[in-house]
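# Results of the structural survey
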Amino acid sequence: MICRGLLLMLHRAGEIELPAVRQISLNPFVRRERPQPPLIDRTPLSASLGQLGPIELTQVRRTGQEPLFNSLIEHHHYLGYEQPVGEHLKYLVWAQGRTIACLAWSSAPRHLGSRDRYIGWSAEARRRNIRFIAYNTRFLILPWVTVPHLASYLLGRMARLLSQDWESVYGHPIYFLETFVDPERFRGTCYRAANWVMLGRTTGRGKDDHTNRPNRSIKEVLGLPVHRRFRALLQESGA
């Protein structure tokens, strides 16, 4: 799918000419069966962070617990579940023998003006090193869980954990984290409390825009370095 998207982009830009379409195949992602409602304990859980006890973050990509993650996101996150394309990891958070939260991370968008200016890399360095950035696509505290400061605590744990897990699965580390926050819905308080910084705002045009006019809501872009030499490492062009 990534290669097909690149070929279509080059075709639309006039760089190559693709042959005429011979047949239209059904998109398996459109026809994909949606995750079923999860069968888990929904008893309200209200406690302080200290009272919650040990908290475990489990990477569930390619494990038997991945369907549970998919179901929780589908039925309790306002954006629902979408199957990621490319490198990605999924986490379930456990406490007191129960699932209390979910976090998803994926490959970063290729072009993001505020992030690119913050890093200060060249176009060539971005092409080579974009894989060292992870994008937080979903973050869900389950609606029956009320634990003050839990969200920022989990983001802090993830910042220390994600690079090692990414290297175990994909063979390379992560140097920088990023996410989008919709200011019409959220303030992004938990990210700021976890030392994420605001890099700027999106243009509202999306990655496939050809009109140069906003066609979606404008998001705040937040980022967090997870390596002290992140700029030097991301700016390397290999020249």
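Residues numbered from 1 in each chain as written. Predicted model: local features only at pLDDT ≥ 70, side-chain atom pairs only at ≥ 80, totals over all residues. Heavy atoms only, no water.

This part takes up a nonpolar patch on the surface. Residues Tyr78, Leu79 and Phe186 make up a contiguous nonpolar surface patch of roughly 290 Å² in combined accessible area. Relative to the elements of secondary structure, Tyr78 occurs in the loop between helix H3 (66-76) and strand S3 (88-95). With relative accessibility at 40%, the residue Tyr78 sits in the partly exposed group. (Patch = residues over 30% accessible without salt bridge, like charges linked within 9 Å, V, L, I, M, F, W, Y side chains within 5 Å. Areas by Shrake-Rupley, 256 points an atom, 1.4 Å probe, with all protein chains shown as cover. Salt bridge = Lys/Arg side-chain N within 4 Å of Asp/Glu carboxyl O. Helix = DSSP H or I, 4+ residues; strand = E, 2+ residues; numbered from the N terminus. Buried < 20%, exposed > 50% of the residue type's maximum accessible area, 1.4 Å probe, protein only.)

It is worth spelling out the sheet that holds strand S2 (residues 55-59) at this point. One open sheet holds the seven strands; their spatial order is S2-S3-S4-S5-S7-S9-S8, and the pairing between them is mixed. Sheet topology places S2 and strand S8 (197-201) at the edges, where each strand pairs with a single neighbour. Across the sheet, the mean angle separating the axes of adjacent strands is 30 degrees when strand polarity is ignored. Two strands pair when backbone bridges link them, and S2 and S3 are joined in this way by five bridges, in the antiparallel orientation. Opposite Thr58, over in S3, you have Leu92 as the bridge partner. Most of the contacts of H3 go to S3, to which it runs at about 85 degrees, and overall it touches S3, strand S4 (98-107) and strand S5 (133-141). (Pairing = 2+ DSSP bridges. Axes fitted to C-alpha atoms, helices over the stretch in contact; angles between N-to-C directions. Contact = heavy atoms within 4.5 Å.)

The subject of this paragraph is the packing of aromatic side chains. With the rule as written, the count across this model stands at 10 aromatic pairs. Ring geometry for Tyr191 and Trp196: centres 5.0 Å apart, planes at 75 degrees, overall edge-to-face. Among the residues examined, Tyr191 registers a relative accessible area of 8% and is labelled buried. When its relative accessible area of 3% is taken as the criterion, Trp196 is described as buried. Site record: aromatic cluster; members linked through ring pairs are Trp105, Phe139, Tyr191 and Trp196. When the ring centre of Tyr118 is taken as origin, the NZ or CZ atom of Arg231, which lies over that ring, is 4.5 Å away. (Phe/Tyr/Trp six-rings, centres within 6.5 Å; stacked < 30°, edge-to-face > 60°. Lys NZ or Arg CZ within 6 Å of the ring centre and 35° of its normal.)

This part is about the environment of Gln59. With respect to the helices and strands, the residue Gln59 is situated in strand S2. Along the sequence, Gln59 and Ala104 sit 45 residues apart, while their C-alpha atoms lie 9.6 Å from each other. The contact partners of Gln59, leaving out residues within four places of it in the chain, are Leu89, Lys90, Tyr91, Asp165 and Val169. At a separation of 3.2 Å, a polar atom in the side chain of Gln59 contacts the main-chain amide nitrogen of Lys90. (Polar contact = N/O pair within 3.5 Å; in protein donor to acceptor, adjacent residues only side chain to side chain.)

Turning to unusual backbone geometry, a few remarks are in order. The phi torsion at Arg62 lies on the positive side, around 65 degrees, for a residue other than glycine. Within the fold, Arg62 resides in the loop between S2 and H3.

Counting buried positions over the 10 residues of S4 gives nine, a clear majority of the element. Note: S3 against S4, eight bridges, orientation antiparallel. Each bridged residue has a counterpart across the sheet, and for Ala95 the counterpart in S4 is Arg98.

Quick look at the environment of Cys102 now. Secondary-structure assignment places Cys102 in strand S4. For the pair Cys102 and Leu92, spaced 10 residues apart in sequence, the C-alpha separation works out to 4.8 Å. In this structure, Cys102 is in contact with Phe69, Leu72, Ile73, Tyr91, Leu92, Arg138, Phe139 and Leu140, ignoring residues within four places of it in sequence.

Ile100, Trp105, Leu162 and Trp196 are the most contacted members of the largest nonpolar core, which totals 45 residues. Among the elements of the structure, S2, H3, S3, S4, S5, helix H6 (150-170), strand S7 (176-181) and strand S9 (220-225) are those that each provide at least two residues to this core. Element by element, the count of residues in this core is highest for H6, at eight residues. Every residue in contact with Leu162, bar those within four places of it in the chain, is listed here: Leu89, Tyr91, Trp105, Ala134 and Leu177. By size, the runner-up hydrophobic cluster in this structure holds 16 residues, among which are Leu112, Trp121, Leu199 and Leu234. (Core = buried A, V, L, I, M, F, W, Y, C linked by side-chain atoms within 4.5 Å.)

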